[in-house]
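Chains, contacts and geometry: an overview
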Amino acid sequence: MKTVVAVLTVVAAIVGLWYLACVPMNIKGVLDAAERAGEQVEPATARERREASALGLVAQNSFAIDRVWSVDRPRLPAPHQVVVELWQTTVMKKITSKRSLIYHAQVTLSATLLGFAIGTGLGILLAVGIVHSRVMDMSVMPWAIVSQTIPIIALAPMIIVVLYSIGVQGLLPKAIIAAYLSFFPVVVGMVKGLRSPDHMQLDLMKTYFASGNQVFWKLRLPSSMPYLFTSLKIGIAASLVGAIVGELPTGAVAGLGARLLAGSYYGQTVQIWSALFAAAILAALLVALLGLIERVLLGRMGVKA
């Protein structure tokens, strides 16, 4: 109960600060609209208002404060505007409609899951090789770390262009970008997990004359499961980010990234924020699903999470 109260308190504080931030962010647009409607505003000219501070404008035009939360194209949309947009583009639209966020989310989700599968498979294979081969540990691990220093926003267009030049289009380029972001957490987590058994456990396996394969399957792999699922939760969220970033340089017409692009092109900030919240909700659902699988699988294995 205390946890719920604490979470609700933090959420309420964030929402309150969000509403307060809308006042200085949107006041200039509200005053411009009021001037066009023939109302008296201070300062009287748009040029003077552009040079004035937002807080000063709020103090001089208190009558306009209640309008900052209902602007059609606000700089910062109010929370209730984002909620209404989410409702209208999910519940009120058919799933097959190109204005439905569910339609766009499933397009992004397909690239996310494919990239996550590729990244997870590659990460696990690399981790097994790193743990069992000192050569791979000394050679592959540093390159894996260095690969994460390259900004994905710069790398994504390069991947898209290279793959397009060899005729690879559609889902796969986005999945590769998603895999690029998701494989590293899996590598790190799996390496840590496979190395988690202590010397006493390893020595015990030796007294049983266990082979290398038996040590791996009966000790190292079960011990690595809690670490693996922790890294998978990070990886699935990173994979979603990669899928969205992969949609940006392609000029995609479907997907959450395409929704963000369309909103930025036409100045629809409410649409942008609703797409961002849809991505956050999708990521939370994916992480929750992995958490459920973790509890069931580790419970059956008798491994403490």
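What counts, and where the lines are drawn
- Residues numbered from 1 in each chain as written.
- Predicted model: local features only at pLDDT ≥ 70, side-chain atom pairs only at ≥ 80, totals over all residues.
- Heavy atoms only, no water.
- Helix = DSSP H or I, 4+ residues; strand = E, 2+ residues; numbered from the N terminus.
- Rg over C-alpha atoms; globule rule 2.2 N^0.38 Å.
- Buried < 20%, exposed > 50% of the residue type's maximum accessible area, 1.4 Å probe, protein only.
- UniProt positions renumbered as here; feature names shortened; annotations may be inferred.
- Patch = residues over 30% accessible without salt bridge, like charges linked within 9 Å, V, L, I, M, F, W, Y side chains within 5 Å.
- Areas by Shrake-Rupley, 256 points an atom, 1.4 Å probe, with all protein chains shown as cover.
- Salt bridge = Lys/Arg side-chain N within 4 Å of Asp/Glu carboxyl O.
- Phe/Tyr/Trp six-rings, centres within 6.5 Å; stacked < 30°, edge-to-face > 60°.
- Core = buried A, V, L, I, M, F, W, Y, C linked by side-chain atoms within 4.5 Å.
- Contact = heavy atoms within 4.5 Å.
- Polar contact = N/O pair within 3.5 Å; in protein donor to acceptor, adjacent residues only side chain to side chain.
- Expected span 1.5 Å × (residues − 1).
- Bend = angle between axes of the 7 residues up to and from the residue.

As a further point, take the overall build of the protein. When you go through the protein residue by residue, the secondary structure sums to 12 helices and zero strands. Listing each helix as α and each strand as β along the protein from the N terminus yields α-α-α-α-α-α-α-α-α-α-α-α. A compact globule built from 305 residues would reach a C-alpha radius of gyration of about 19 Å, whereas the protein, at 25 Å, exceeds it by more than 25%. Summarising its shape, the C-alpha atoms of the protein cover approximately 90 × 55 × 40 Å along the three principal directions. Per-residue burial for the protein yields a buried fraction of 41% across its 305 residues.

In this section: the UniProt feature "transmembrane region" (unreviewed entry) in the protein. Here the UniProt-annotated "transmembrane region" (unreviewed entry) positions come out as residues 107–131, 143–166, 172–191, 227–252 and 272–293. The span residues 107–131 shows a helical share of 100% and a strand share of 0%, and its end C-alpha atoms are spaced 36 Å apart. With 100% helix and 0% strand, residues 272–293 has end C-alpha atoms that lie 32 Å from one another.

Right, let's talk about a nonpolar patch on the surface for a bit. Taken together, the side chains of Leu289, Leu292, Ile293, Val296, Leu297 and Met301 present a nonpolar region at the surface, about 490 Å² in accessible area. Given a relative accessible area of 47%, Leu289 falls into the partly exposed group.

Next up on the list: the packing of aromatic side chains. Pairs of aromatic rings are described using the distance from one ring centre to the other and the angle between the two planes. A complete count under the given rule lists five aromatic pairs for this structure. On the basis of an interplanar angle of 15° and a centroid distance of 5.8 Å, the ring pair of Trp18 and Phe277 is categorised as stacked. Of this pair, Trp18 sits in helix 1 (residues 2–36) while Phe277 sits in helix 12 (residues 269–301), placing them 259 residues apart in sequence. Of the residues examined, Trp18 reaches a relative accessible area of 14% and is grouped as buried.

All right, on to the nonpolar core then. Ranked by internal contacts, the top residues of the largest apolar core, which has 42 residues, are Val187, Leu232 and Leu256. Elements with a minimum of two residues in this core: helix 1, helix 4 (79–90), helix 5 (101–132), helix 6 (134–147), helix 8 (171–194), helix 10 (212–247), helix 11 (256–265) and helix 12. Residues in contact with Leu256, not counting those within four places in the same chain, are Leu101, His104, Ala105, Thr108, Ile244, Glu247, Ala275, Ala278, Ala279 and Leu282.

This part is about the pattern of salt bridges. Taken as a whole and judged by the stated rule, the model has seven salt bridges. Between Asp137 and Arg195 there is a salt bridge, with the nearest N and O atoms lying 3.0 Å from each other. Here Asp137, found in helix 6, pairs with Arg195, found in the loop between helix 8 and helix 9 (199–207); they are 58 residues apart in sequence, far enough to count as distant. Judged by relative accessible area, Arg195 falls into the partly exposed class, the value being 43%. Taken together, the salt bridges that share partners define one network made up of Asp32, Glu35 and Arg49.

Checked against the element boundaries, His104 lands in helix 5. Within polar-contact distance, the side chain of His104 engages the backbone nitrogen of Gly255 at 3.0 Å. If we skip the residues at most four places from it in the chain, His104 touches Lys98, Arg99, Val253, Ala254, Gly255, Leu256 and Arg259.

Attention now goes to the environment of Glu42. Here Glu42 shows up in the loop between helix 1 and helix 2 (46–51). In sequence terms Glu42 and Val58 are 16 residues apart; their C-alpha atoms lie 9.7 Å from each other. Beyond its immediate stretch of four places on either side in the chain, Glu42 contacts Leu31, Leu57, Gln60 and Asn61.

The next thing to look at is helix 1. Here helix 1 contains 35 residues, and its C-alpha end-to-end distance of 51 Å stays within 8% of the 51 Å for a straight helix at 1.5 Å per residue. When the local axis directions of helix 1 are compared, the greatest deviation, roughly 50°, occurs at Asn26. If you check which residues of helix 1 are buried, you get Trp18, Cys22, Val23, Asn26, Ile27, Lys28, Val30, Leu31 and Ala34. At its buried positions, helix 1 is contacted by helix 2, helix 3 (54–60), helix 4 and helix 12.

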